[in-house]
Amino acid sequence: MAQAGRRWQRSLFPWLLDFGFTQCKSDPCVFTMTKMVGKVEQRLTLGCYVDDLFTLYSHDGEDSLYNDFVQALTLRWNVEDEGPVSDLLNVDISVDESCVVLKQEKYI
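Please read all numbers here as calculations on a predicted model, not as lab measurements.

Peer 1: Kindly report on the overall build of the protein chain, identifying the contributing residues and their values.
Peer 2: When helices and strands are tallied, the protein chain shows 2 helices and 7 strands. Start at the N end of the protein chain and walk to the C end: the helices and strands fall as α-β-β-β-β-α-β-β-β. With the principal axes as the frame, the protein chain shows a C-alpha extent of 45 × 40 × 30 Å. Residues classed as buried in the protein chain amount to 22% of the 108 residues present. Sequence separation of 24 or more characterises 28% of the internal contacts of the protein chain that already satisfy a separation of 6 or more.

Peer 1: Which residues make up the environment of Phe21, and what values do they have?
Peer 2: Note on placement: Phe21 falls in the loop between helix H1 (4-19) and strand S1 (22-23). Between the C-alpha atoms of Phe21 and Thr45, which are 24 residues apart in sequence, the distance is 8.6 Å. Those residues in contact with Phe21, other than ones at most four positions away along the chain, are Leu16, Phe31, Thr32, Met33, Leu44, Leu46 and Phe69.

Peer 1: Which residues make up the packing of H1 against helix H2 (residues 65-76), and what values go with them?
Peer 2: One can describe the packing of H1 onto H2 by two numbers: an axis separation of 12 Å at closest approach and a directional angle of 140 degrees. It follows from the interaxial angle that H1 and H2 lie oblique. The crossing of H1 and H2 is right-handed. Two secondary-structure elements touch here, H1 through Ser11, Leu12, Trp15, Leu16 and Phe19 and H2 through Asp68, Phe69, Ala72, Leu73 and Arg76.

Peer 1: Kindly report on H1, identifying the contributing residues and their values.
Peer 2: The end-to-end C-alpha separation of H1 is 22 Å, in line with the 22 Å expected for 16 residues at 1.5 Å each. Among all positions in H1, only Gly5, Trp8, Gln9, Leu12, Phe13, Trp15 and Leu16 are buried. Structurally, H1 contributes buried residues whose contacts are with S1, strand S2 (30-37), strand S3 (40-49), strand S4 (52-57) and H2. Phi turns positive one or two residues past the end of H1, at Gly20, with a value near 120 degrees.

Peer 1: Report on unusual backbone geometry, specifying residues and quantitative values.
Peer 2: Positioned with a positive phi, Val50 is a non-glycine residue whose angle comes to about 55 degrees. The partly exposed category is assigned to Val50, whose relative accessible area is 40%. For Leu89, which is not glycine, the phi dihedral falls at a positive 55 degrees. Inspection of the secondary structure assignment puts Leu89 in the loop between strand S5 (87-88) and strand S6 (91-95).

Conventions we followed
- Residue numbers run consecutively from 1 along every chain, following the written order of its sequence.
- Given that this is a predicted model, residues contribute local features only at a pLDDT of at least 70 and side-chain atom pairs are listed and counted only at 80 or more, while totals for whole chains, interfaces and linings are drawn from all residues.
- The side-chain figures draw on all heavy atoms in the structure; neither hydrogens nor water molecules are used.
- Counting from the N terminus, the helices are DSSP H or I runs at least four residues long and the strands are E runs at least two residues long.
- Throughout this description, buried means an accessible area under 20% of the type-specific maximum (1.4 Å probe, protein chains only), exposed means over 50%, and partly exposed covers the range between.
- Contacts are assigned to residue pairs with any non-hydrogen atoms lying within 4.5 Å of each other.
- Only C-alpha atoms enter the line fits that serve as axes; for helices the fit covers just the stretch in contact. Angles between N-to-C directions range over 0 to 180 degrees.
- Here the word oblique covers every angle except those under 35 degrees (roughly parallel), over 145 (roughly antiparallel) and from 65 to 115 (roughly perpendicular).
- In this scheme the crossing of two helices becomes right-handed for a clockwise turn of the near helix relative to the far one and left-handed for an anticlockwise turn of less than a right angle.
- For a helix, the expected span equals 1.5 Å multiplied by the residue count minus one.

Below, the structure written as structure tokens:
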């Protein structure tokens, strides 16, 4: 199905906006959300590529924005969490406490 990814986006993007995300003006496949949860400001950034979603989040756990998002997404669609990402679109990704590092050493 050549148009399956486009159909997925036509369903997903309005749902993300209804959930409270803001669509990035410079890249329509990137969405962001910032919300106060208790006294803590939490951030969630989501990227969509065809039928894959990539999330960056500032907090996780039971009362987190990320957890609320994953629960709502799972209720709406049959999705699978594939765990921490190590590469995306030929970019190697590593995460530590203070930063996210992106590398394309294969192309140097």
